[in-house]
Amino acid sequence: MVGLLLVGHSEDVVRGLVAMIAQAAPSVPVAGAGGLGDGRLGTNGLDVADALRSVLARTADDGVLVLLDLGSASMALDVALDELDVAAREHIRVSEAPFVEGAVLAAVVAAGGVDLEAVAHAAERAASVPKRTRD
Amino acid sequence: MTDPRPPQPHDAETAATQARVVDAWLRCAASRVHERRLWLTELDAAIGDGDHGINLDRGLMAVLADLDAADGPGDDVGALLTAAGRRLLGVVGGASGALYGRALMTAGERMRVSAGEATPGARGLALVVLDGAVSGIAALGRAVPGEKTMLDTLVPALEALRGAPTDLPLDSVMLGVAEAAEAGAVATIPLVARKGRASYLGERSAGHLDPGAASSAILVRCLADAVATAQRDLGENGVDGPAPGAPGGPGDELAPQRL
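Residues numbered from 1 in each chain as written. Chains lettered and ligands numbered in written order. Predicted model: local features only at pLDDT ≥ 70, side-chain atom pairs only at ≥ 80, totals over all residues.

> Would you take a moment to explain the overall build of chain B for this structure?
Secondary structure assignment for chain B yields nine helices and zero strands. Traced from its N-terminal end to its C-terminal end, chain B shows the element sequence α-α-α-α-α-α-α-α-α. Relative to its full complement of 259 residues, chain B shows a buried share of 57%. For chain B, the proportion of contacts with a sequence separation of at least 24, taken over those separated by at least 6, is 71%. (Helix = DSSP H or I, 4+ residues; strand = E, 2+ residues; numbered from the N terminus. Buried ≥ 20, exposed ≤ 12 C-beta atoms within 10 Å, placed from the backbone. Contact = placed C-beta atoms within 7 Å.)

Below, the structure written as structure tokens:
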């Protein structure tokens, strides 16, 4: 099954998002990295690398979709990717989707057993899902 | 870029000297960033997220603890740079931790690759460190000069070093490098940020000194002092003893070297 990696600036936000996914799609492998420890906000590439290894170990070769929140989350992911074997990087795809909405939608779709391409596509659709139904 | 002088006869001794330069540089950086951490944080509060000084201080204090725990700087300058880079990456966090970490790791990698070739001396070390830092930061940050970043400090410093006449005494060269870095940092004030958190402010980022450019200027000044000090100890470039006009002022607070 396709797994998810969540990279954010806040440990609380990332932990909360992991909990939302665990409730909506408990079978989906997910790992998160957020904050700098001690409650400091920020991203740490070495923590991201650990989280990435953890989720890769649970997805066989089905792949991992990465969701980012802001700014340096992308740079932390680049640092983490450099820590990985080149072969492992082929199983990773980075999403442009909004962090919370994209992650939850991706998890629900991934739980259906579709491939990484389909999960990535579903996540990006999250950007255009309306918050309030219009008349 | 290679040093124009022929290979040194005492490579091991030179490698140990380079490691001492890096050790002195990192100790100086830890000390001066610690003193200026509140100023750097205030700069960052104006256009970023207000943690640059505190986080960089925390990372450099961890590097300092590693240096203190080691049995002297040793003679593997590549490993020394790489270990410090990894420590910054893990402890500083955020964009600045990733960028400075990558800068030191790239410099360390290049020193390892060049080991066994013509030993580049203190001047060559400065060149590899600055060139590695610029390459590493530009690649990871996908940045170019003029975007109100660390590169606006580091690129002028590298150009000053590359462009210096080879017959100019190294301490004069390094003084010029430090001053080019500081001028580059000051020149970020009117710029509009194109990278990082400050770029969210758009035009409102103009009028503020970039905190990353400011901390880079501190790091370059320390590198210049460490290299110039090593040159005086070694008598490189035929200059023996303290050279007249050597950078003084805040440069004299270098922590004692462990030998």
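Having seen the model, we can carry on.
> Help me out: how do you make sense of helix α4 (residues 77-92) of chain B in this one?
Two residues of an α-helix separated by three or four positions point the same way, owing to the 3.6 residues in each turn. All names here are of chain B. The end-to-end C-alpha distance of α4, which contains 16 residues, comes to 22 Å, matching closely the 22 Å that a straight helix rising 1.5 Å per residue would cover. Of all 16 residues that make up α4, twelve are buried, and the element is covered over most of its length. The set of residues buried in α4 consists of Val 77, Gly 78, Leu 80, Leu 81, Thr 82, Ala 84, Gly 85, Arg 87, Leu 88, Leu 89, Val 91 and Val 92. One or two positions beyond α4, positive phi appears at Gly 93, with a value near 70°. (Expected span 1.5 Å × (residues − 1).)

> Can you walk me through the packing of α4(B) against helix α5 (residues 94-114) of chain B in this structure?
For any two helices packed against each other, the geometry comes down to the angle between their axes and how far apart the axes lie. Residues and elements named next belong to chain B. Orientation of α4 relative to α5, taken along the N-to-C sense of each, is 165°, at an axis distance of 7 Å. The angle between α4 and α5 places the two elements in the roughly antiparallel class. Classified by chirality, the crossing of α5 by α4 is left-handed. (Axes fitted to C-alpha atoms, helices over the stretch in contact; angles between N-to-C directions. Parallel < 35°, antiparallel > 145°, perpendicular 65-115°, else oblique. Left-handed = near helix turned anticlockwise from the far one by under 90°.)

> What should I look at first to understand the nonpolar core in this one?
One broad trend across soluble globular proteins is that nonpolar side chains are buried collectively. Ranked by internal contacts, the top residues of the largest apolar core, which has 122 residues, are Leu4(A), Ala106(A), Leu154(B), Val177(B) and Val227(B). Residue contributions to this core peak at 13 residues, all from helix α9 (residues 211-234) of chain B. Excluding residues within four positions of it along the chain, Leu154(B) makes contact with Leu130(B), Ala133(B), Val134(B), Ile137(B), Ser216(B) and Val220(B). (Core = buried A, V, L, I, M, F, W, Y, C linked by C-beta atoms within 7 Å.)

> Looking at this structure, how should I read unusual backbone geometry?
For residues besides glycine, phi is generally negative; the peptide bonds are generally trans as well. Positive phi is not limited to glycine here, since Ala60(A) has a value of about 50°. Note that Ala60(A) resides in the loop between α2 (45-56) and β3 (64-68). Although it is not a glycine, Lys148(B) sits at a positive phi angle of roughly 65°. Residue Lys148(B) is classed as buried on the basis of its C-beta count, with 28 C-beta atoms lying within 10 Å.

> Sorry if this is basic, but what is going on with the interface of chain A and chain B here?
The parts lose accessible area when they come together, and the size of an interface is often stated as this lost area. In this assembly, twelve residues from chain A lie in contact with ten residues from chain B. Elements with a minimum of two residues in the side of chain A that touches chain B: α2 and α3 (73-83) of chain A. Of the residues forming the side of chain A that touches chain B, the biggest block, four residues, is contributed by α3(A). Of the residues contributing to the side of chain A that touches chain B, the split by class is five nonpolar, six polar and one charged. (Nonpolar A, V, L, I, M, F, W, Y, C, P; charged D, E, K, R; others polar.)

> Would you mind going over the pairing of β3(A) with me for this structure?
Residues and elements named next belong to chain A. The buried fraction of β3 is high, at five of five residues. Residues Val 64, Val 66 and Leu 68 line one face of β3 and the alternating positions Leu 65 and Leu 67 line the opposite face, and both faces are buried. The pairing of strand β1 (residues 3-8) with β3 spans five bridges and is parallel. In the strand pairing of β3, Leu 6 is matched with Leu 67. Note that β3 and strand β4 (residues 92-94) share three bridges and pair parallel. Opposite Leu 65, over in β4, you have Arg 93 as the bridge partner. (Pairing = 2+ DSSP bridges.)

> Can you help me understand the packing of helix α7 (residues 151-163) of chain B against helix α8 (residues 170-186) of chain B in this one?
Residue and element names in this part refer to chain B. Orientation of α7 relative to α8, taken along the N-to-C sense of each, is 155°, at an axis distance of 7 Å. In terms of orientation, α7 and α8 fall into the roughly antiparallel class. At the point where α7 passes α8, the crossing takes the right-handed sense. Packed against α7, whose contacting residues are Asp 152, Thr 153, Pro 156, Ala 157, Ala 160 and Leu 161, the element α8 presents Val 173, Gly 176, Val 177, Ala 180, Ala 181, Ala 183, Gly 184 and Ala 185 at the interface.

> Quick question: what am I supposed to make of the sheet that holds β4(A) here?
By definition, the strands of a sheet pair up through backbone hydrogen bonds, in either a parallel or an antiparallel sense. Residues and elements named next belong to chain A. Sheet architecture is open: four strands sit in the order β2-β1-β3-β4, paired in parallel fashion. Of all strands in the sheet, those with a lone pairing partner are β2 (30-34) and β4, marking the two edges. When the angles between neighbouring strand axes are averaged without regard to direction, this sheet yields 20°. Note: β1 against β2, five bridges, orientation parallel.

> Please clarify how the pairing of β1(A) should be interpreted in this entry.
A regular strand places its side chains on the two faces of the sheet in alternate fashion. Residues and elements named next belong to chain A. With six of six residues buried, β1 is to be regarded as a mostly interior element. Of the two faces of β1, the one lined by Gly 3, Leu 5 and Val 7 and the one lined by Leu 4, Leu 6 and Gly 8 are each fully buried. In this fold, β1 hands off to helix α1 (residues 11-24), which returns the chain to β2; that crossover is right-handed. (Right-handed = clockwise from strand over helix to strand, strands pointing away.)

> Hey, could you run me through helix α2 (residues 37-47) of chain B in this one?
Within the span of α2(B), buried status applies to Arg37(B), Leu40(B), Thr41(B), Leu43(B), Asp44(B) and Ile47(B). Buried residues of α2(B) fall within an arc of 155° about the axis and therefore sit on the same side. (Arc of directions from axis to C-beta.)

Purely spatial values, then, with no claim about function.
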